[in-house]
Amino acid sequence: MEVPLNPDFPLDPAAPDRTQAAHWVGPRHLAGDDGRLYDTVADTLTGLGWMSLTMVRGRQEPDEAPEDRQVVRSTVLHLSPDTLRWAQWVLADEPFLLGDLPVAWQVSARTDTASPLAQWSAYFTPDVPGEAVVDFLVALDARQRPAEKFGGTELVLDAVTTHGWLLDIDQPRAGAMDATFTSHISYGTVPALIQDADPRTLTDDTATSLDGWQAWAEPVLGARCLWAASFSSSVPHDLVAAFASSISSTAPVLRRVLPASTEDRLLRAPAI
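Caption draft 1: Just the overall build of the protein, in detail. On a plain count of helices and strands, the protein comes out with four helices and 16 strands. Here the protein, with 272 residues, has 46% of them falling under the buried criterion. For the protein, the share of sequence-separated contacts (at least 6 apart) that also reach a separation of at least 24 residues comes to 67%. Of the roughly 13,600 Å² that the protein leaves accessible, carbon and sulfur atoms contribute 55%.

Following this line, the structure appears as structure tokens:
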């Protein structure tokens, strides 16, 4: 069932109780999503002209009034005007876990409208800074061919090292981290369930496993990550570079809600 997006639909999880006056904070990669990851991204997509639909799946008993129908799952789909790219808010739709974190946004693109299958997909958990997801989507929207490869892995590494991140000493051509060794971006084997159109994803042969970009913030070594993002093997490197450049940016971001795990590491200046 598809209906126009209802602005009163309860999409976002409740914001934490750490609400405070607005501050400019940094570094961005530790600033969280301000409890507004859905709104930040959805508002941007609306501004780009993407259409939004709420898809509701439920169960209705015979002779049951429509308002009594039991809704079991729902998701919000944002679709680009050319229908070649889309973004789904899946947090309310029993998303799978990325690490120990639920996926909130899934972004996909296909080669042409004749194929119903996505060529690639990218995944973002809660507390990924909304600015980075927005910059990824703006770069995706600007592409005429969203599934076409462009450039190599150096685009991603150059994007973060420009902002002071350090190349991984063991894998300098496949990974980097911030100067405090808290946030990382790495090119390697993608996690299970990451969707990609490459036929090699259908095999169980580890020799043909595909590589893709993963990014995460781990404030306490060995503890639960603050956020994670995963890009399937066919995501163009220039789009991942747009995300990487944004997540590693030294520009402060406006926040009212701060993550508990990084609150004491953030520099703050009152927003006047």
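Read on, since the account is not over.
Caption draft 2: Structural view of the side chain of H184. Along the chain, H184 falls in strand 12 (residues 183–189). One polar contact links the side chain of H184 to the main-chain carbonyl oxygen of F181, over a distance of 3.3 Å. When neighbours within four sequence positions are excluded, H184 is seen to be in contact with W165, A176, M177, Q214, A215 and W216.

Caption draft 3: Molecular detail of the packing of helix 1 (residues 37–47) against helix 2 (residues 130–142). The interhelical angle for the contact between helix 1 and helix 2, taken along N-to-C directions, is 25 degrees, at an axis separation of 9 Å. Taken together, the axes of helix 1 and helix 2 lie roughly parallel to each other. Crossing of helix 1 over helix 2 shows right-handed handedness. Facing helix 1, whose interface residues are L37, T40, V41, T44 and L45, helix 2 presents G130, V133, V134, L137 and V138. Within the contact of helix 1 with helix 2, the residues separate by chemical class into seven nonpolar, three polar and no charged.

About the thresholds
- Residues numbered from 1 in each chain as written.
- Predicted model: local features only at pLDDT ≥ 70, side-chain atom pairs only at ≥ 80, totals over all residues.
- Heavy atoms only, no water.
- Helix = DSSP H or I, 4+ residues; strand = E, 2+ residues; numbered from the N terminus.
- Buried < 20%, exposed > 50% of the residue type's maximum accessible area, 1.4 Å probe, protein only.
- Contact = heavy atoms within 4.5 Å.
- Areas by Shrake-Rupley, 256 points an atom, 1.4 Å probe, with all protein chains shown as cover.
- Polar contact = N/O pair within 3.5 Å; in protein donor to acceptor, adjacent residues only side chain to side chain.
- Axes fitted to C-alpha atoms, helices over the stretch in contact; angles between N-to-C directions.
- Parallel < 35°, antiparallel > 145°, perpendicular 65-115°, else oblique.
- Left-handed = near helix turned anticlockwise from the far one by under 90°.
- Nonpolar A, V, L, I, M, F, W, Y, C, P; charged D, E, K, R; others polar.

In short, the description is geometric, and any link to function would need to be established separately.
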